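The lines below spell out each chain.
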Amino acid sequence: MTIDIVSENKSHGGRQLVVKHPSAACRCDMTFSIFLPPQADRDGKLPVVWYLAGLTCTHANVTEKGGYRAACAELGLVFVAPDTSPRGDDVPDGEGYDFGKGAGFYVDATQDPWAQNYRMWSYVTEELPALVAAEFPVDMERQGITGHSMGGHGALTVALNFPGRFRTVSAFAPIVAPSQVPWGQKALAGYLGNDARTWRKHDAVALIEDGARLKELLVDVGTADQFLDQELRPELLESACDEAGIALTLRRQPGYDHSYYFVSTFMAEHLRWHGQRLG
């Protein structure tokens, strides 16, 4: 596959790249960012942390605001951040910010007109990992995954559907039960149709209820998050993990909202948590 390095900047001794490539899954060009810490030049393959972004975001939000590079350089972690949806003039879009471009919800759409391009599940679970493994010095035996909001939903559901692939899983303000909240119900019905049984693969709480398991999980939410009670519902994940015996560390951070001020504050702690377990 042909890749195009859109930009490269030195940071914390490493290299921050933005990469564009043609995507077979999404049938358009896709863009992702990847930070290669200084250890990549001398230590061979390194552990990788995947970061899935939230509604309205692209790869650029965490790249510019996430504050991850110092910790990744310290710990020797590669950090990969894909876009949230397909892009381009020929890609259909929805009305409103919570459906369509910028709101792919990390599913493979089955409903027209979305099914042709909105295949973010295949992109982040198959195509992008294969590309990164082929082009960059990553150790695919040492993978972690995290994400914010809609991306937190994606990180949880990807990890639960691929047991053993990810040694570590964390999330910032994730949508934990999209089948039970307005954002998720709109997206899942629009992309997958009205049969709620098909939604369960993309609902962390439902997956845990159906027997999917993680060894442990770190989640941060802000107590001043404007979406906490209606869209995020962390108490549902807490209950499901307690019932399933999953070691969930749920930290309710006083006064923090849903923004990247919140994400960047706790990013280094999450990366150190991943790093300790990835080796």
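Above this text sits the structure in question.
Just so you know, these numbers come straight off a predicted model, no measurement behind them. (Residues numbered from 1 in each chain as written. Predicted model: local features only at pLDDT ≥ 70, side-chain atom pairs only at ≥ 80, totals over all residues. Heavy atoms only, no water.)

A. Broad picture of the pattern of salt bridges. Throughout the structure, instances matching the rule amount to 15 salt bridges. Across the pair arginine 233 and glutamate 235 runs a salt bridge whose closest N-O atoms are separated by 2.6 Å. For glutamate 235, a relative accessible area of 36% gives the class partly exposed. Three or more residues are tied together by salt bridges with common partners; here these are Arg200, Glu209 and Asp210. (Salt bridge = Lys/Arg side-chain N within 4 Å of Asp/Glu carboxyl O. Buried < 20%, exposed > 50% of the residue type's maximum accessible area, 1.4 Å probe, protein only.)

B. Region of interest: the packing of helix α3 (residues 120-135) against helix α4 (residues 150-161). Relative orientation of the contacting elements α3 and α4 amounts to 60°, with a least axis distance of 12 Å. Relative to α4, the element α3 is oriented oblique. As α3 runs across α4, the sense of the crossing is right-handed. In contact with Trp121, Val124 and Thr125 of α3, α4 contributes Thr157, Val158 and Asn161. Looking at the contact of α3 with α4, its residues break down into three nonpolar, three polar and no charged. (Axes fitted to C-alpha atoms, helices over the stretch in contact; angles between N-to-C directions. Helix = DSSP H or I, 4+ residues; strand = E, 2+ residues; numbered from the N terminus. Parallel < 35°, antiparallel > 145°, perpendicular 65-115°, else oblique. Left-handed = near helix turned anticlockwise from the far one by under 90°. Contact = heavy atoms within 4.5 Å. Nonpolar A, V, L, I, M, F, W, Y, C, P; charged D, E, K, R; others polar.)

C. Broad picture of unusual backbone geometry. Geometrically, the link from aspartate 112 to proline 113 is a cis peptide bond, its omega value of 0° lying close to zero. With respect to the secondary-structure elements, proline 113 resides in the loop between β5 (78-82) and α3. Here phenylalanine 105, not a glycine, exhibits a phi torsion of approximately 60°, which is positive. Considering the arrangement of structural elements, one finds phenylalanine 105 in the loop between β5 and α3. Its identity as a non-glycine residue notwithstanding, tyrosine 106 has a phi of 55°, on the positive side. Topologically, tyrosine 106 is positioned in the loop between β5 and α3. Take tyrosine 106: its relative accessible area is 0%, and that puts it in the buried class.

D. The arrangement of α4 in detail. Here α4 contains twelve residues, and its C-alpha end-to-end distance of 16 Å stays within 8% of the 16 Å for a straight helix at 1.5 Å per residue. Here α4 lies mainly inside the structure; eleven of its twelve residues are buried. Restricting attention to buried positions, one finds in α4 the residues Met150, Gly151, Gly152, His153, Gly154, Ala155, Leu156, Thr157, Val158, Ala159 and Leu160. (Expected span 1.5 Å × (residues − 1).)

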